[in-house]
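Listed here are the chains, written in short residue letters.
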Amino acid sequence: MQNDRFVRFFTMTVSMLLLLWTVPAHPAHPLITDDTFTQGKGNTQIEISYKYAQDDDNGVKTRTSQPQIQVSYGILDPLDVIVTVPYLFVKTEQTGNASSVDGIGDVTTAVKWRFFGDKEGFQFAIKPSITFPTGNEEKGLGIGQSSPGASYYYKFDRQSYGVTLIGTYDQEDWCVSANAVYQHNHYGLQSDEDAYQSDIWSASLSGQYRPVEKVWLVGEAGLLRNPDKTSDTPPAYINAGVIYELTKDLELDVGFRYGLNKPAVDSTMSAAVTIRF
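This write-up is about the structure you can find in this document. All figures in this text were calculated on a predicted structure; none of them were measured in a lab.

Reading guide: rules and limits
- Residues numbered from 1 in each chain as written.
- Predicted model: local features only at pLDDT ≥ 70, side-chain atom pairs only at ≥ 80, totals over all residues.
- Heavy atoms only, no water.
- Helix = DSSP H or I, 4+ residues; strand = E, 2+ residues; numbered from the N terminus.
- Buried < 20%, exposed > 50% of the residue type's maximum accessible area, 1.4 Å probe, protein only.
- Contact = heavy atoms within 4.5 Å.
- Areas by Shrake-Rupley, 256 points an atom, 1.4 Å probe, with all protein chains shown as cover.
- Patch = residues over 30% accessible without salt bridge, like charges linked within 9 Å, V, L, I, M, F, W, Y side chains within 5 Å.
- Salt bridge = Lys/Arg side-chain N within 4 Å of Asp/Glu carboxyl O.

Now for the overall build of the chain. From N to C terminus, the chain includes two helices and 13 strands. Going through the 277 residues of the chain one by one, you find that 52% of them count as buried. Considering only intrachain contacts with a sequence separation of at least 6, the fraction spanning at least 24 residues in the chain is 58%. When the accessible area of the chain is evaluated, it comes to approximately 12400 Å², of which 61% is carbon and sulfur surface.

Encoded structure:
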């Protein structure tokens, strides 16, 4: 059905952004752009976030609520392992008819290695990632389970993978980061394979600034290859937010992302709490 295709396209675009999401050591959520900072050996960071996205595409209105948990652990000072688990609630309306689905999204595991720089100035890192098909593709909640039922948890034969190149210039009260990302997707449905690009690139640039103690202002701009094979227009967005440091190990943040063109998700609001220990 056309309505189902819109749901899958909307969640596919959201999923592409989720695959780029990370948690650095500086206060950076709600940014999508990653930076080179790591947790440090033996340190853990837990981020619990919520996002609400809305989009209106040719009369199809889609609303997505997404709670998410992300855990980062420092294996070595310059090396982190990161696990991201999203859950999606998607509601779609078209010509007075409404439908809704919910379920776990695709789980992503990544490793971030800062291979150059460890103090103020220029730093560079690389972050390879693997995305497991835990979301139900029939509901538009993921790129495709490898097999139905409980057994699919042990048969991840359709993983997707990606790599992010990260550059950061860091100063005490501000920093600038740039990302170049490549993502390759394996789809579980032939219809998705026919409709969506398997190779997705993206690029983004972000800035973080601390005007007063405990408060960070953040912003970014980015774009990615359109997952839809029928369009050559890359979805583009801008994003801005505020982070407040309650303590050095506890932060709260809010953000707003705005789509700059028709292929982009119209708007996304987000909030998160970040805990380190």
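Right, let's talk about the environment of Gly 219 for a bit. Along the chain, the position of Gly 219 falls in strand β10 (residues 215-224). Separated by 36 residues in sequence, Gly 219 and Gly 255 place their C-alpha atoms 9.1 Å apart. Beyond its immediate sequence surroundings of up to four residues, Gly 219 is in contact with Leu 31, Leu 205, Ser 206, Gly 207, Asn 239 and Ala 240.

Below, the discussion takes up a nonpolar patch on the surface. There is a patch of nonpolar side chains on the surface, built from Trp 174, Val 176, Leu 205, Tyr 209, Leu 217, Val 242 and Val 254 and spanning about 610 Å² of accessible area. For the nonpolar patch, the secondary-structure elements that each account for two or more residues are β8 (174-184) and β9 (199-212). With respect to the element layout, Val 176 can be found in strand β8.

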